[in-house]
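# Examination of the molecular architecture
Next come the chains, spelled out residue by residue.
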Amino acid sequence: MRVSWKWLNELVDINLKPEELAEVMTMSGVAVEGIEYLNKGVRGVIVGLIQEIYPHPQADKLSVCKVSVGDAVLTIVTGASNVKAGQKVPVAVPGAVLPEKKIERAVFRGLESEGMLCSADELGMDADKLPPEQRDGILILAEECPVGADIVPLLGLDDIVLELELTPNRADCLSMINVAREVAALTGGRLKLPEIEKSGASQACEALIKINIQDQDLCKRYVGRVIEHVQIKESPLWLKQRLLAAGVRPINNIVDITNYVMMEMGQPLHAFDYDCLADKTIIVRRAADGEEITTLDGKKRELTPEMLVIADAHKPVGIAGVMGGLESEVTAQTKTILLESAYFHGPSIRRTSNALALRSEASLRFEKGVDLEQVSLAADRACQLMAQLGAGVPVEGQVDCYPHPEERYPIRLRLERVNSILGTDLGETEVEKILKALNITILERDLEDWHVFTPSYRRDLELEIDLIEEIARLNGYDKIPTTLPYGATTQGAKNAEQRLHDRISEIMVGQGLFEVITYSFINPRHLDWLYLPPGHELRQTVVVSNPLSEEQGIMRTTILPGLLETVKRNINKRNKNLKLFELGKVYLSSGFPGERKLPQEKWVLGAISTGKKEKTWAYGEENYDFFFLKGVAENIFSSLGLGDVSFVKSENNPSLHPGRCARIIVGGKKVGFIGEVHPLVLEKYGIEQRAAVFSLYLDELIGLVSEAVRYQPVPRFPAVTRDLAIVVPEAVEAGQVLGVIKDTGKTLLKNISLFDVYRGQQIREGYKSLAFSLTWQAEDRTLTDEEVNKLHREIEAALARELGADLRR
Amino acid sequence: MQEQLQLIKKQAEEDLQKCLTMDQLNEVRIKYLGKKGELTQVLRGMAQLPAEERPLIGQLANEIRDSLENSLSLYSEKIKVKELEKKLRAESIDVTLPGIAPDLGRRHPLHLVLQEIKNIFIGMGFTIEEGPEIELDYYNFEALNIPKDHPARDMQDSFYITPEVLLRTHTSPVQARTMEKTKPHVPVKIIVPGKVYRRDDDATHSPMFHQVEGLVIDKNIRFSDLKGTLLNFARQMFGPEQQIRLRPSFFPFTEPSAEVDISCVMCKGAGCRVCKQTGWLEILGSGMVHPRVLEMGGYDPEEVTGFAFGMGVERITMLKYGIDDMRHLFENDVRFLHQF
Ligand SMILES: [Zn+2]
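Once that is clear, we can look at the overall build of chain A. The number of helices and strands found in chain A is 21 helices and 40 strands. On C-alpha atoms alone, chain A measures out to a radius of gyration of 41 Å, which is more than a quarter above the 28 Å that the 2.2 N^0.38 rule sets for 809 residues. Dimensions of chain A, computed from the C-alpha atoms along their principal axes, are close to 125 × 85 × 55 Å. For chain A, buried positions account for 52% of its 809 residues. When contacts within chain A are restricted to residue pairs at least 6 apart in sequence, long-range pairs at least 24 apart make up 68% of them.

This is the structure we're talking about:
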């Protein structure tokens, strides 16, 4: 809402500067977002009358004007083509100041110009809000402007606009009068509201128009007045200036007056050309299926039975509260008008204007609810102005169709409740004073238990709590004390899942990985980039029905796209060695919508590594490859105390390298996968180096992790470490060998580490050599060489028997 | 004999002085004190001396041996120190060569700040609740006193999945879910961190961002308690000198409602570009839980009251670290991430 400072001062006495009032309003809930001084620096520009105009003798594109400025006639050279003799124009005489420049005498092609004629733009005005004919060229002034007068007040440039940022509950402030009431309540300033001549029901008017509200659920009240002998013309300057300051473009006197009253009282009005209304009847009804109307903007609109229309006896003549029809538009030929002032159902107007993508100052006000009690008064106000300004002659009285006048009830207000909600200690008189400032009357009082009645323009005040907020607001939030809740002590804590997520993140960071956060929604093409075949479970996605772009098309079912894109983005910036992780959700439609009310959301830990740790002066390079990332995963499992972990080779993950990919099984459950990204997938993402990924479903882990740690005695007897080297066929996996060693070594075997994998010289083709270091230890004695030798022989025999292993000796 | 002994002593002292290593020292020891050493020889020759000379010579020989041994151990100490010094000198390194550090990762700055926020509220007795990001319209709007077609829905442009299911636009639906779960018990004292989604994408808005919601319901909760709790939070988060300022505002699910400003962390309230010269920065929205919301959640608003607040984690993160563009937070450039 743009509030003209001059207009506001006519409605209420203000003893503050605009900036001071803005601060007071902002701190009491009607935020002033900005203060615009309409004069952007114009000084010394006056009204001139063009007496004569002729071409510049030396330049085709220039003209020379003889301009009277009252006490002198100036010779001014202009390049504008829209000026004619007899017009009044803004003249910047030598010494005048414009927002962009200072004006001096200047010579144009041999002729001295004593100043400059100005366009709206040069005067720092927002040309978009002016009528189209005033936007380009020199600004032509109205007849009534006195020659030689300062242009600043005439163009309303001496005004200041407060830009209000209104919250949805304060739609009442979409009215100058209500803003003035708010200012009066806040500052104690005296209100000076316009006096409006009220009309009543009249036979004269009823004879001219019949009004029938068919759908009373969507229209509570409809007032019609008829204005005859209409003379369409331009509005006077003061009216145009008010509208311009409010951001409304002046059109003609009738339309301008309806807009003025809307700005003044918050009640949108509409004027129909009376002669275009069939049977002089207004029917307020839902549109019939398939009904059409051409609206004022010239567009044909298809209507639905959801939409409320204003119809005459035959057809819709307007979409209620949203836009009038072209056919019944007020034109230069209009002789008689029907003026509409109505109350329409907010949600219905909202739905209709959304469906038609038509939002206006009027629909905005209807949506939020206008003041039901002054619907009739607003029509009278418009008629009063039309009569005053000679726009037409109002027929006496009105037709007020108000089938079920609204009953408004008092609200209970308990002083004790006020203080117990706010934590304040306000007394009766303080509260009473605030209520009075807000025009809230106390109807009944039983000690501190009151019943109060609110003014009709404050439709947001319905409950006791609404009044308590008003009291807090007017008393000042800064006067609320600062306390802490004094109830029972509570234990602050995270739950097991939150603790697990924290722990895992810390372990990842400790291993040198950087945490990333990527969007939960992805472009659906990622599923193709990951080579997921049709029907793949990860293709059962949750689809966003109204994305801003395809980038938010679907909710991710896998954490890979964000990680791959992050890698790509970093490589583009020459960050080639990367170790990243993300702990976030994936979203699986599994049965949604249908048997599930909501999709499934699963916590996932994803990690990606690519590139290498660069060689240093001391150590060689280290690849961030499959085995690096596998080690990261293994560390997570071991830190979480998960022992039963296996990596099982898998060839059917379409996004991963078929030879370098494994399922991760913990406690017999599949919890995720690890692998190198398939080269074709890398190609889709434009990544030109190998990358390894893993993904773990954390919800599967949580049941397996125990936070309780039981101490194990530190062994008292020394351990024996001995190497074991074997040769096995290439097809035998290290995991199988480790399995046999563990099974055979049983409890005395404390640790196995695989320290060498070798192929080549001295090893048969198709075989590989594996070298392990085994640590043996007993809890009750020192193991003898003989015992360990025997254990090794057993292991060797088992490996030979089960995996065809040879000893390499 | 006497002279011979004195000569040996003198020679031995000279030899010792020439010793530079333990080996040389050992040679000297053997030369004089070894089985065939010169002094040993002399002592062996004592038997041939006349009996009256023996005690004298014997005493002298022993004195010389003791003195020699003493010198030997002294020299040995000196040489040890010298040899160690030499060894240490040889082992000297260029201490300015870079260290070989194990890699260290980084938490994302948003999560660092989130962690800090959680810890502050845990310290005040709050537990942490979470809820679905894909949410029913009922919990996201209706249970929060935002019926269908209410103008307040304009405040939050939503991503819809179906007409009844959407990406939550705030963490507030967890208020409604928690009340439903906990009713009629009090106190409720939770914070709700999480991702939320709105149809906005520009330099100051991201379609996905993070919020922390807070909810307290108990007997006798007052607006002043909200003010005190938030002041405490602001001081823990931004420093003990922090001031807060409450401005009346509107949220459908709280009343009275307030926007909360903290004194500008950049200029300490003096006025700067970041705070648009006001000295204040808006960081959260808050208010007393609306009685209708309490009722819908299964509580009697005459029996209990509550307050709620919600803050944007991105905004707090940006203020805390002086980050000027929200997009940095989701681009995940490692040179950016490395700074936290
Ligand atoms: Zn500042």
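Attention now moves to the sheet that holds strand 23 (residues 411–414) of chain A. Residue and element names in this part refer to chain A. Overall, antiparallel pairing links the 3 strands, which are arranged 23-25-24 in an open sheet. The sheet terminates laterally at strand 23 and strand 24 (441–446), the two strands that pair on one side only. On average, adjacent strands in this sheet sit at an angle of 30° to one another, irrespective of strand direction. Two strands pair when backbone bridges link them, and strand 23 and strand 25 (residues 449–453) are joined in this way by 4 bridges, in the antiparallel orientation. Looking at strand 25, one finds that Arg412 is bridged to His451. Strands strand 23 and strand 25 of the sheet are contacted by helix 13 (residues 464–475), whose axis makes an angle of about 55° with strand 23.

Right, let's get into the interface of chain A and chain B. Interfaces are often sized by the accessible area lost when the parts come together. In this assembly, 95 residues from chain A lie in contact with 94 residues from chain B. Note on chain A versus chain B: buried area summed over both sides is about 7,900 Å², and carbon and sulfur give 58% of it. The three residues of chain A that bury the most area against chain B are Tyr477, Phe514 and Ile517 of chain A, which together make up 10% of that side's buried surface. Where chain A packs against chain B, one counts 9 salt bridges. Between Arg292 of chain B and Glu462 of chain A there is a salt bridge, with its nearest N and O atoms 3.6 Å apart. Here the side of chain A that touches chain B gets 7 residues from one element, more than from any other, and that element is helix 14 (residues 496–510) of chain A. Residues that form the side of chain A that touches chain B fall into these classes: 40 nonpolar, 29 polar and 26 charged.

Bringing a nonpolar patch on the surface into the picture now. A cluster of nonpolar side chains, Trp617 and Tyr619 of chain A together with Leu97 and Ile100 of chain B, forms an exposed patch at the surface whose accessible area comes to about 430 Å². Within the fold, Trp617 of chain A resides in the loop between strand 31 (612–613) and strand 32 (622–623).

All names here are of chain B. Around the zinc ion, the protein contributes the donor atoms Cys264 (SG), Cys267 (SG), Cys272 (SG) and Cys275 (SG), at 2.2 to 2.3 Å from the metal centre. Geometry at the zinc ion is tetrahedral, judged from the 4 donor atoms that bind it and their angles of 103 to 113° at the metal. Of note, the donors binding the zinc ion are all from one chain and are spaced C-x2-C-x4-C-x2-C. Overall, Cys272 belongs to the buried group, its relative accessible area being 17%. Take Cys275: its relative accessible area is 4%, and that puts it in the buried class.

Parameters at a glance
- Residues numbered from 1 in each chain as written.
- Chains lettered and ligands numbered in written order.
- Predicted model: local features only at pLDDT ≥ 70, side-chain atom pairs only at ≥ 80, totals over all residues.
- Heavy atoms only, no water.
- Helix = DSSP H or I, 4+ residues; strand = E, 2+ residues; numbered from the N terminus.
- Rg over C-alpha atoms; globule rule 2.2 N^0.38 Å.
- Buried < 20%, exposed > 50% of the residue type's maximum accessible area, 1.4 Å probe, protein only.
- Contact = heavy atoms within 4.5 Å.
- Pairing = 2+ DSSP bridges.
- Axes fitted to C-alpha atoms, helices over the stretch in contact; angles between N-to-C directions.
- Buried area = accessible area lost by both parts, 1.4 Å probe.
- Salt bridge = Lys/Arg side-chain N within 4 Å of Asp/Glu carboxyl O.
- Nonpolar A, V, L, I, M, F, W, Y, C, P; charged D, E, K, R; others polar.
- Patch = residues over 30% accessible without salt bridge, like charges linked within 9 Å, V, L, I, M, F, W, Y side chains within 5 Å.
- Areas by Shrake-Rupley, 256 points an atom, 1.4 Å probe, with all protein chains shown as cover.
- Donors = N, O, S within 2.8 Å, 3.2 Å for Na, K, Ca; no water.
- Tetrahedral: all angles 85-135°; square planar, octahedral: opposite > 155°, others 65-115°.

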